[in-house]
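Chains, contacts and geometry: an overview
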Amino acid sequence: MARTPRPARPAVHLDDVSKAIIEQLQQDGRRSYAAIGKVVGLSEAAVRQRVQRLIEGGVMQVVAVTDPLELGFARQAMVGIRVTGQLEPVAEAIGALEEVDYVVVTAGSYDLLVEVVCESDEHLLELISDRIRTIDGVATTETFMYLSLRKQTYSWGVR
């Protein structure tokens, strides 16, 4: 079967100023538009407009990154999933689960890698056994429980 193409978004041109704005927000997502404007040479209003265009264009999001352990979620894991048949419907179904915060289609041993955040080991077991493994097309799963998060960054810059 043919793969369903993603809906087309208008292309967003990333000039040096837009890249500099993104880099400023990667360093501190709460940085004011006025402070960013001073660095990149634009007015506060111009920075606000550019940020809005970058968000609407799907180039970036401005979000709060939390530590799940500090919020009462005792278990994080990466789940490797092998799929039979079409990948997209399985990826969509898994992506709809509340505990899932990351889904990527991969090449290699697994068809999908899925990051999950759960309140307990029992919650993780229920999620995998009762909800993920029962999705049509899921052939096998392998769970890699996180013991310690050593690095997580979102400031890789802009090319």
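Up top is the structure.
This section reports on the structure supplied with the text. Note on numbering: residues in each chain are counted from 1, in written sequence order. Only residues with pLDDT of 70 or above have their local features reported here, since the model is predicted, and side-chain atom pairs are shown and tallied only from 80 upward, although totals for entire chains, interfaces and linings are computed over all residues. For the side-chain quantities, the full set of heavy atoms in the structure was used; hydrogens and water were omitted.

A word on the pattern of salt bridges. By convention in these notes, a salt bridge is any Lys or Arg side-chain nitrogen within 4 Å of a carboxyl oxygen on Asp or Glu. Summed over the entire model, instances satisfying the criterion amount to 5 salt bridges. Between R50 and D15 there is a salt bridge; the shortest N-O distance is 2.8 Å. In this pair, R50 sits in helix 3 (residues 44–56) while D15 sits in the segment before helix 1 (16–27), placing the two residues 35 residues apart along the sequence. With a closest N to O distance of 3.0 Å, R131 and E126 form a salt bridge. The helix and strand labels rest on DSSP assignments: H or I over at least four residues marks a helix, E over at least two residues marks a strand, and numbering proceeds from the N terminus.

Convention adopted: a line fitted to C-alpha atoms gives each axis, helices being fitted over their contacting stretch, and angles between N-to-C directions are expressed from 0 to 180 degrees. At a closest axis distance of 11 Å, the pairing of helix 1 and helix 3 adopts a crossing angle of 85°. Considering their axes alone, helix 1 and helix 3 lie roughly perpendicular with respect to each other. Between helix 1 and helix 3, the residues in contact are V17, S18, I21, I22 and L25 and V47, R50, V51 and L54, respectively. Each angle is binned into one of four classes, with values under 35 degrees roughly parallel, values over 145 roughly antiparallel, values of 65 to 115 roughly perpendicular, and all other values oblique. A contact between two residues is defined here by any heavy atoms of the two lying within 4.5 Å.

Our next topic: the packing of helix 1 against helix 2 (residues 33–40). Between helix 1 and helix 2, the least distance of the axes is 10 Å, while the angle of their chain directions is 135°. Compared by their axis directions, helix 1 and helix 2 come out oblique. Once helix 1 is placed against helix 2, the crossing between them reads as right-handed. Where helix 1 approaches helix 2, its residues V17, A20, I21, Q24 and L25 are matched on the opposing element by I36, V39 and V40. Each crossing gets its hand from how the near helix is turned against the far one by less than a right angle, where anticlockwise is left-handed and clockwise is right-handed.

With that settled, the discussion passes to the pairing of strand 2 (residues 100–105). Strands pair, by our definition, only if DSSP identifies at least two bridges between them. Both strand 2 and strand 3 (residues 112–118) contribute to a ladder of 5 bridges, which runs antiparallel. In the strand pairing of strand 3, V104 is matched with L113. Between strand 2 and the antiparallel strand that follows it, strand 3, lie 6 residues; G108 among them carries a positive phi value of about 130°.

Let us look at the sheet that holds strand 3. Sheet architecture is open: 4 strands sit in the order 2-3-1-4, paired in antiparallel fashion. Every other strand in the sheet has two partners, leaving strand 2 and strand 4 (138–145) as the edge strands with one partner each. On average, each strand axis in the sheet is tilted by 20° relative to the strand beside it, whichever way the strands run. Sheet strands touched by helix 4 (residues 87–95): strand 1 (75–83), strand 2, strand 3 and strand 4. Its angle to strand 2, the strand with the most contacts, is close to 170°.

Within the secondary structure layout, Q76 lies in strand 1. The buried label applies to any residue whose accessible area, calculated with a 1.4 Å probe on protein chains only, is under 20% of its type's maximum; exposed applies above 50%, and partly exposed to all values in between. By relative accessible area, Q76 is classed as buried at 13%. Look past the residues within four positions of Q76 in its chain and what remains in contact with it is P68, E115, V116, V117, F144, M145 and Y146.

Tracing the sequence through the fold places R30 in the loop between helix 1 and helix 2. The exposure class of R30 is exposed, given its relative accessible area of 77%.

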